[in-house]
Every structure is written in structure tokens, then in C-alpha cells.
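Descriptive structure summary
Given next are the chains, with one letter for each unit.
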Amino acid sequence: MLVQQIVNGFTIGSVYALVAIGFTMVFGVLELTNFSNSSLYMFGAYITFLFYTATGIHFFLAFGISIVLTGLLGYGIDRFALRQLRKKKAPKLSGLITTLGMSMVVDNAIMVFFGTDSKSFENFLDFGKIYIGSAVVTWTQIIILIAACILMITLSVITYRMKIGKAMGAIAQNQDAAKLMGIDTDKIISLTFIISGFLACIAGTMVAMYYRSIDTAMGSSIGIKIFAAAVLGGVGVLPGAVVGGLVLGIVETIVSAYISTGYRDAISFSILILVLLVMPNGLFGKKAINKV
Amino acid sequence: MALLKLEDVVVDYGSIHALKKINMEVDSGEIITLIGANGAGKSTTMKAIMGLVPCKSGKITFDGTDITNWETKKAVQAGIILSPEGRQVFPRYSVKDNLFLGAYLRPRQEIPESLEMVYNLLPKLKERENQVAGSLSGGEQQMLAIGRAMMAKPKMLLLDEPSLGLAPLIINEIFGMIDEIRTLGTTILLVEQNARIALKHSDRAYVLETGNIVLSNKAEAMLQSDEVQKAYFGVL
Ligand SMILES: Nc1ncnc2c1ncn2[C@@H]1O[C@H](COP(=O)(O)OP(=O)(O)OP(=O)(O)O)[C@@H](O)[C@H]1O
Ligand SMILES: [Mg+2]
């Protein structure tokens, strides 16, 4: 029973982790809380649904188109709103409100276009299940876990091993100095938004398959969790987002199973607050982000 | 022909007029100093050359090409490199990573050679190559900032107050290095509050006062000038 809950928790936690990575990358580079991240997650699931049901193309082609479009939406939010604010050296709060506004625009557009009722979503990862002791693990879960692992490893390599990751870190530490190195800061920032869009879409669509449904509340319900996962792990730090997401997923599932679904969020957030009281920068957080 | 030329350059920050039609020329191989009091517009001049602040009017040419309001990246590609005021090294990165970032636009195969050149110029950096830049002393950070700029193999090096907050001994070391960089064939434009030592190491100088160039002359002549001595050496 416990093993079963841990497997379930791992699955959903790895999805939180994926979205949280996108969120934390943007935060890491810009020190900006991107509220529109959760809308990208919902947008991704709905666009996959739209292309699959309306055009009759192969599901995974629809998924691919949706990944690209969600990446583009992430890019657009930065390119047409946030970049303009950066140019004018607007205060951080303006950027934050802008992402909140963008989030509402996207969420409402989805509601108007698709309606607010939940829609059933086919699961293309349903290849049956296997038994590990008394626990049942579905192939859907296994595939979600593998996909999440591959993406996390890829992103770690990009962030910590590649030149582009070094450039992201340089922008985070000092944007003007990064420009003086010849780094095209706008391009690198756009890229982080595109990556966060990709991740949100992949996560959103996988969750849609896992639960076999989508609804217009899926964005707002994950929004607060991504935030919690990133803060729990230490915001701006990639491994922090991964561990934060997994811990949150497992705690949630176990609380739902053994205590009550009603207390799920209350207990998860109590744990978050307790961790922050002991470790104010989160599990993997840097001591102080010193902006020079 | 001048390597770098500023013609009637105007920069405003909203209603603040930071540069009011300034004219300057730097010839290839020279060391030129720009002196002036706090707020005179020295850093603004450097930023305008690098495209970090927009010129409202006027023209900046480098090597015969109009570079006015170019993106910073393009200026760097053209070979103009700024070591900014206050060092601005990347504090969480190691010395080595800072140096690599200096060579961001350079082809990978040329980097080891430049790294060796910088380590020869600044042996102290090699000893500390794995230390994070934020934990270096002020003098070491300044050396790193200059070393990082040299990694880009500049045709023209802009140095904004390299002696800021450093002990006299270190300042001498920095200026010795500036002379050495010139012998490598790099043209240097220097901003300094420390006018006396800067003039000793320069060919010519410009004096900037609230956004206007009020004086320009050979460095030796400036060192002799009563006017300059009173205003900028703090001696009577
Ligand atoms: N971002 C900015 N916004 C508004 N005004 C600015 C800005 N940067 C500089 N200024 C103003 O422009 C003028 C010139 O500033 P600048 O930094 O070029 O001076 P400086 O000669 O480098 O001074 P210092 O020796 O103190 O470094 C000053 O009056 C300054 O207050
Ligand atoms: Mg200055």
C-alpha cells in the first residue's frame, strides 16, 4: 500500500518537477516569478487535444505541434511584453504583474474557446501494467518517469555543462556584464522561456493522459504547486526544483491516501513552511544571491 | 586615421544631459586617459561606445565603421571590450569560468592560447583559477576583470577606473600591466580619478566636466598644467 502510494507520488511529483524546472530556470536568469508558467501547462494540454481531435492527425504529431506552439507562446510572452519592460528598466514588480496578466489572458482564452467543462483525453501510453510485490505500476507511470528523467538530465547538461548554460548563469549574476562578454542576453532569455514552454506542454499533456481528462482548472491547481516545489528545493536551482517536485508529489499522495484529500494541500504547505523555517533558502538554495 | 572617433555625441538619461556633444579621438596604439570629477560623464562615454546606453545624436566610428548605437554584442565582435567600473566579475563563477566567458565569442580552438597569454600577464590568476570570483580581494578582482577583457583579444580596451579602491602598490602593478597590454598591440582608453598616475602612463588626455570636454592635450603637458593640478590632483 505504501509502496503503491510512493510510486503514484513519484509519477505526479516528476511532473511537478518538470514544470518547476522551467519556472526555476526563468527565475534563475531574471529573478522573475513567472506566473504564466502554469498557463503554458494548461495551454499545452489543450492544444494537443485540439490538434488531435480536430484534425485527426496522429496523436504524437499533435503532441509535437503543441510542444512547438507552447514554446512559441512562452517566447511571445517574453518577446512582446517582458523584453519591452527590461528595455525601459522597469521595476521587477511590473514584470511580475505582466506575467500574471498574461496568465489570465491565456486561461480565459482557453475557457472561451473550449468551454469550462472537463474533456476526456485519450491515454496513448496505456500499455498495461506490471506488478512489483503488491504494488501495481502502469506503463503510463513508467513512461512518464522515464521521460521526466531524460528531460531532467538533458536540462542539467545544458545548464551545467554547455556554454549556453554558463551564459544563462552569467545573465543571472549580472546582466550588463553578460552583455559586455558579447552574450546576446535577449536571445538567451528567450531560450529559457521557450524551454519552460516545452517542459510545461510535455508535463501538461502527460498529466492529461495520466488522468484521462483535462479541465480549465488544471492551470491554477498546478500553479501554486510549482511555486511550492521550486521554493522547497531552493528557487533558481535546478536540482532543487527536481527534489522539491518529487517531495511535494509524494507527500501529497501519501496524505491523500492515509489522512484525507481535504487536508492534502494544507499539510503539504505546512511542511513547506516548516522546511523554510529551518532552511530559509530551501533544500538546495544558495546562501544569499548576491547581486553585485 | 583615428581608430575610435566620437563626433558631437549626446547622451541623455531622461531629463539629465549626461554628454553634451563631446568629441574625442583615439589613435591606434595610444593610451588615452579621460579624467573628470564624479558625475562628469566618464562612464557614460564608455557605455555609449559599447552600446549600453543609446546616443541621442552624434556619431561614433571604430576603424572607419559607423558603430553608433550598435548592439553591445556587435561592438564586442568588432573588437571593443570594456572592463566596467566596479569590476563586475561574475561572483559565483570561478576565476577560470570568468575568463572563459570573456572569450565567449571567440572560436574554441583559440581559447587556450589566450588563456596562456592572460596567465602570463597575470600569474596570480592562475594560482586562483578554481576560486570563486566573489571571494577574491578587490585587487584580484580587478586583475580578473582586466584578464577577462583580454580573453576577448581586444583591438581596443576600455578600462573604467581600474584603480578604484586599491592600495598604491596594487595600483602601480595595474598600471604596469596596462603598459604591457599596449605592447601587445592593444589601444587603450582609460577612465581615471587617479589623474596623476594615469597621466604618467598615457600619451594624451581629455578632461570631461559635466558632459563637456573642456581640455585635451598631451599627457606630459597636462601633468605640468596648474589648472589640471588644482582641479584633479588634490594638491595646491
Ligand atoms: N542610469 C542612469 N539614470 C539616470 N542618470 C544617470 C544614469 N547613469 C548616470 N546618470 C547621471 O549621468 C551623469 C554622468 O554619470 P557617469 O556615471 O557617466 O559619471 P562618471 O563621470 O562616470 O562619474 P564617477 O566618477 O562617479 O564614476 C551623472 O549626473 C549621473 O547621475
Ligand atoms: Mg564612472
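Every chain begins its residue count from 1, and numbering advances along the sequence as written. Here every chain gets a letter starting at A, and every ligand a number starting at 1, in the order they are written. Whole-chain, interface and lining totals are the exception, using all residues; otherwise, since this is a predicted model, local features are given only for residues with pLDDT of at least 70 and side-chain atom pairs are given and counted only at 80 or more. Side-chain descriptors were evaluated using all non-hydrogen atoms of the structure, hydrogens and water having been removed beforehand.

Brief notes about the coordination of the magnesium ion (ligand 2)
Six octahedral donors around a metal ideally subtend angles of 90 or 180 degrees, whereas four tetrahedral donors ideally subtend 109.5 degrees. Residue and element names in this part refer to chain B. Which entries qualify depends on this criterion: Metal donors: N, O and S atoms at distances within 2.8 Å, or within 3.2 Å for Na, K and Ca, with water omitted from the atom set so that some sites may seem incomplete. Strands here are runs of E lasting at least two residues and helices are runs of H or I lasting at least four, both read from the DSSP assignment and numbered beginning at the N terminus. Working definition: with a 1.4 Å probe on protein chains only, accessible area under 20% of the residue-type maximum means buried, over 50% means exposed, and in between means partly exposed.
For the magnesium ion (ligand 2), the protein coordination sphere consists of Ser 43 (OG) and Glu 85 (OE), at 1.9 to 2.4 Å. Here Ser 43, found in helix H1 (residues 42-50), pairs with Glu 85, found in the loop between strand E6 (80-83) and helix H3 (95-102); they are 42 residues apart in sequence, far enough to count as distant. Residue Ser 43 is classed as buried on the basis of its relative accessible area of 16%.

Looking at the side chain of Arg 148 of chain B
Going by this rule: Two residue types count as positive, namely Lys and Arg, and two as negative, namely Asp and Glu; His and chain ends fall outside the count. For this document, the term salt bridge refers to a Lys or Arg side-chain nitrogen within 4 Å of an Asp or Glu carboxyl oxygen. We call two N or O atoms a polar contact when they sit within 3.5 Å, provided that within protein one can donate a hydrogen and the other can accept it, with sequence-adjacent residues counted only if both atoms are side-chain atoms. Any pair of residues with heavy atoms lying within 4.5 Å of one another is described as a contacting pair.
As for its placement among the helices and strands, Arg 148 of chain B is situated in helix H6 (residues 138-150). It is Asp 176 of chain A that comes nearest to the buried, bridge-free Arg 148 of chain B among opposite-charge side chains, at 11 Å. Of note is the side chain of Arg 148 of chain B, whose polar atom sits 3.3 Å from the backbone oxygen of Arg 87 of chain B. Other than its neighbours up to four places away in sequence, Arg 148 of chain B contacts Met 181 of chain A together with Pro 84, Arg 87, Gln 88, Val 89, Phe 90, Asn 98, Leu 99 and Gly 102 of chain B.

Topic: the pairing of strand E2 (residues 129-132) of chain A
Residues and elements named next belong to chain A. Formally: DSSP bridges decide pairing: two strands pair if at least two such bridges lie between them.
Note: E2 against strand E3 (residues 135-138), 4 bridges, orientation antiparallel. By the bridge assignment for E3, Ile 130 is matched with Val 137. Counting the residues that bridge the hairpin from E2 to E3 gives 2 residues, and of these Gly 133 lies at a positive phi of roughly 60°.

Side note on the side chain of Ser 114 of chain B
By secondary structure assignment, the location of Ser 114 of chain B is in helix H4 (residues 111-121). Ignoring sequence-local partners within four residues, the contact set of Ser 114 of chain B consists of Arg 106 and Met 151 of chain B.

Concerning the nonpolar core
What counts is decided by this rule: Among buried residues, those of type Ala, Val, Leu, Ile, Met, Phe, Trp, Tyr and Cys that are joined through side-chain atoms within 4.5 Å constitute a nonpolar core.
Counting 146 residues, the largest nonpolar core has Ile 183 of chain A together with Leu 189 of chain B as its most contacted members. Ignoring sequence-local partners within four residues, the contact set of Ile 183 of chain A consists of Ala 167, Ala 170, Ile 171, Ala 178 and Ile 188 of chain A together with Leu 101 and Tyr 104 of chain B. Judged by nonpolar contacts, the second largest core, of 11 residues, contains Ala 195, Leu 199, Ala 205 and Ala 219 of chain B.

A closer look at the pattern of salt bridges
Side-chain pairs of opposite charge can arise whenever the charged atoms involved come near each other. All names here are of chain A. Counted according to the given criterion, the structure contains 16 salt bridges over all chains. In this structure, Lys 92 and Glu 31 form a salt bridge, with 3.4 Å as the shortest nitrogen-oxygen distance. A residue pair is termed long-range when its members are at least 10 positions apart, and Lys 92 in helix H4 (residues 92-114) and Glu 31 in the loop between helix H1 (2-30) and helix H2 (37-55) qualify at 61 residues. By relative accessible area, which is 22% here, Glu 31 ends up partly exposed. Asp 186 serves as the salt-bridge partner of Arg 86, at 3.5 Å between the closest nitrogen and oxygen. A residue pair is termed long-range when its members are at least 10 positions apart, and Arg 86 in helix H3 (residues 59-87) and Asp 186 in helix H8 (residues 185-211) qualify at 100 residues.

Focus on the interface of chain B and chain A
Put simply, the test is: Here the quantity called buried area is the accessible surface, traced with a 1.4 Å probe, that two parts lose on coming together, added over both.
Listed as interface residues are 19 residues of chain B and, on the opposing side, 23 residues of chain A. Here chain B and chain A share an interface that buries about 2100 Å² over both sides, 62% of which is from carbon and sulfur atoms. Counting the contacts that link chain B with chain A gives 1 salt bridge. The closest approach of N and O atoms between Asp 97 of chain B and Lys 166 of chain A, which form a salt bridge, is 3.2 Å. For the pair chain B and chain A, the number of links is 5 residue pairs in polar contact (both at pLDDT 80 or more). For the side of chain B that touches chain A, the secondary-structure elements that each account for two or more residues are helix H2 (72-78) and H3 of chain B.

Quick notes on the sheet that holds strand E9 (residues 204-209) of chain B
Residues and elements named next belong to chain B. Spelled out, the test is: The axes used here are C-alpha line fits, helices contributing only the stretch in contact, and every angle between their N-to-C directions lies in the interval 0 to 180 degrees.
Taken together, the 6 strands give an open sheet; going across it, the order is E6-E7-E8-E3-E9-E10, and neighbouring strands pair in mixed fashion. Pairing within the sheet leaves two strands with one partner each, and these edge strands are E6 and strand E10 (212-218). Across the sheet, the mean angle from the axis of one strand to that of its neighbour is 15°, orientation sign disregarded. With respect to the sheet, H1 is in contact with strand E3 (31-36), E6, strand E7 (156-160), strand E8 (187-192) and E9, its orientation differing from that of E7 by roughly 150°. Each of E6 and E7 touches H6; the most contacted strand, E6, lies at about 170° to it.

A few points about the site of ligand 1
All names here are of chain B. Stated formally: For each residue, the test is whether any non-hydrogen atom lies within 4 Å of the molecule or strand; if one does, the residue is near. Residue exposure ignores everything except the shown protein chains as possible cover, and the areas themselves are Shrake-Rupley values with a 1.4 Å probe. Put simply, Ala, Val, Leu, Ile, Met, Phe, Trp, Tyr, Cys and Pro go in the nonpolar bin, Asp, Glu, Lys and Arg in the charged bin, and everything else, Gly too, in the polar bin.
Near ligand 1, the surroundings consist of 14 residues, among which Lys 42, Ser 43, Thr 44, Glu 85 and Gln 193 are the closest. Gln 193 places a side-chain nitrogen or oxygen 2.7 Å from an oxygen atom of ligand 1. The fraction of the free accessible surface of ligand 1 (630 Å²) that becomes covered by protein chains is 64%. Contributions of two or more residues to the shell around ligand 1 are made by strand E2 (16-27) and H1. No other element matches H1, which puts 3 residues into the shell around ligand 1. A breakdown of the residues in the shell around ligand 1 according to their chemical character gives 5 nonpolar, 6 polar and 3 charged.

A closer look at empty space enclosed by the protein
What counts here: Put plainly, a pocket is an open set of points on a 1 Å grid over the protein atoms alone with protein on both sides within 12 Å along at least five of seven lines, a cavity is a set where a 1.4 Å probe fits but cannot get out, and a lining residue has an atom within 4 Å of a point. Grid points are joined across faces, edges and corners, and a volume is the space filled by probe spheres set on the points.
Evaluation of the coordinates by the stated rule reveals 1 cavity of 30 Å³ or more. By volume, the largest cavity amounts to about 30 Å³. Every residue lining the largest cavity is listed: Leu 180 and Met 181 of chain A together with Val 76, Ile 81, Leu 82, Gly 102, Arg 148, Ala 149 and Ala 152 of chain B. Elements supplying a minimum of two residues to the lining of the largest cavity: E6 and H6 of chain B. Along the lines of polarity and charge, the residues of the lining of the largest cavity split into 7 nonpolar, 1 polar and 1 charged.

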